[in-house]
Amino acid sequence: RINSIIYNKSVVDGPGIRTVLFMQGCDLRCKGCQNKSTWDFNKGKEIDINDLVNELNEKVFNKKITISGGEPLMQKEALINLVTKLNDLGFDIALYTGHQKEDVPSILVEKVKYLKTGNFIQKLKTTITPFVGSSNQVFEEVK
């Protein structure tokens, strides 16, 4: 289930000009979240992984993608399938999760280039640390 895809426009969701895939469903529901429309797992659009991969491969001009949400780890098996296929096609993948790094399956950490971890905390909101929303979050290159 996905919420939306913003093609080839983001410069704030990881290094370079990136496409952002917003997955549907969130179990964290952080106060002050900017993506509340992604919380309800029953909303959004169901899409076949192969169709999604084909669409992304056709439309992402530079193969840079950030997978965000909602909370992507709510759809762990589909996420692993998606990331594996995109990685095989040479995509530069950033994964944004509100969970901690130890909660991210190792197969995902091995296949993404960047990982953003930590839940959004409104009182720690930052606009000066690149690629995060609050100062407790960590954005790191893992590959």
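Use the structure listed above.
Quick summary incoming for the structure in this document. Note that the structure is a prediction, hence the values are computed from the model and not measured.

## Some thoughts on helix H1 (residues 49-59)
Next, step 1: Taken together, the buried positions of H1 are Ile49, Leu52, Val53 and Leu56. Looking down the long axis of H1, one finds its buried residues gathered within 100 degrees of arc, a one-sided arrangement.
Next, step 2: Next to the buried residues of H1 lie strand S1 (2-10), strand S2 (18-23), strand S3 (64-68) and helix H2 (76-88).
Next, step 3: The opening residue of H1 is Asp48, an N-cap whose side-chain oxygen sits 3.0 Å from the backbone nitrogen of Asn50.

## A few points about a nonpolar patch on the surface
Next, step 1: A surface patch of nonpolar side chains, about 410 Å² in accessible area, is lined by Val11, Val12, Ile17 and Phe61.
Next, step 2: Along the chain, Phe61 falls in the loop between H1 and S3.
Next, step 3: Note on Phe61: relative accessible area 57%, which makes it exposed.

## Some words on H2
Next, step 1: With 13 residues, H2 ought to run about 18 Å at 1.5 Å a step, and its terminal C-alpha atoms sit 18 Å apart, in line with that.
Next, step 2: Against S2, H1, S3, strand S4 (92-96) and helix H3 (106-111) lie the buried residues of H2.
Next, step 3: With its phi angle positive at about 85 degrees, Gly90 sits one or two positions after the end of H2.

## Observations concerning the state of the cysteines
Next, step 1: A full pass over the atoms with the stated rule returns zero disulfides.
Next, step 2: Between Cys30, a free cysteine, and Cys26, which holds the nearest cysteine sulfur, the sulfur-to-sulfur gap is 6.2 Å.
Next, step 3: Given the relative accessible area of 14%, Cys30 is considered buried.
Next, step 4: Cysteine Cys33 remains unbridged, with the sulfur of Cys26 as its closest cysteine sulfur at 6.4 Å.

## Details of the side chain of Ser134
Next, step 1: Residue placement: Ser134 occurs in the loop between strand S5 (114-117) and strand S6 (138-141).
Next, step 2: A polar side-chain atom of Ser134 sits 2.5 Å from a polar atom in the side chain of Asn136.
Next, step 3: Contacts of Ser134, omitting those with residues within four sequence positions, involve Asn119, Phe120, Ile121, Leu124, Lys125 and Thr126.

## What to know about unusual backbone geometry
Next, step 1: Gly69 connects to Gly70 through a cis peptide bond whose omega is 15 degrees.
Next, step 2: Note that Gly70 resides in the loop between S3 and H2.
Next, step 3: Phi is positive for Asn8, close to 50 degrees, though the residue is something other than glycine.
Next, step 4: Of note, Asn8 is situated in strand S1.
Next, step 5: Within the chain, Arg29 stands out as a residue other than glycine whose phi angle is a positive 50 degrees.
Next, step 6: Checked against the element boundaries, Arg29 lands in the loop between S2 and H1.

## Description of the sheet that holds S2
Next, step 1: Overall, mixed pairing links the six strands, which are arranged S1-S2-S3-S4-S5-S6 in an open sheet. Either end of the sheet is taken by a strand with one partner, and the two such strands are S1 and S6. Adjacent strand axes in the sheet meet at a mean angle of 15 degrees, parallel and antiparallel pairs treated alike.
Next, step 2: Sheet topology places S2 next to S3; four bridges connect them, and they run parallel. By the bridge assignment, Phe22 is partnered in S3 with Ser68.
Next, step 3: Strands S1, S2 and S3 of the sheet are contacted by H1, whose axis makes an angle of about 15 degrees with S1.
Next, step 4: The strands touched by H2 within the sheet are S2, S3 and S4, with S3 carrying the most contacts at an inclination of about 175 degrees.

Parameters and conventions
- Residues numbered from 1 in each chain as written.
- Predicted model: local features only at pLDDT ≥ 70, side-chain atom pairs only at ≥ 80, totals over all residues.
- Heavy atoms only, no water.
- Buried < 20%, exposed > 50% of the residue type's maximum accessible area, 1.4 Å probe, protein only.
- Helix = DSSP H or I, 4+ residues; strand = E, 2+ residues; numbered from the N terminus.
- Arc of directions from axis to C-beta.
- Contact = heavy atoms within 4.5 Å.
- Polar contact = N/O pair within 3.5 Å; in protein donor to acceptor, adjacent residues only side chain to side chain.
- Patch = residues over 30% accessible without salt bridge, like charges linked within 9 Å, V, L, I, M, F, W, Y side chains within 5 Å.
- Areas by Shrake-Rupley, 256 points an atom, 1.4 Å probe, with all protein chains shown as cover.
- Salt bridge = Lys/Arg side-chain N within 4 Å of Asp/Glu carboxyl O.
- Expected span 1.5 Å × (residues − 1).
- Disulfide = S-S within 2.5 Å.
- Pairing = 2+ DSSP bridges.
- Axes fitted to C-alpha atoms, helices over the stretch in contact; angles between N-to-C directions.

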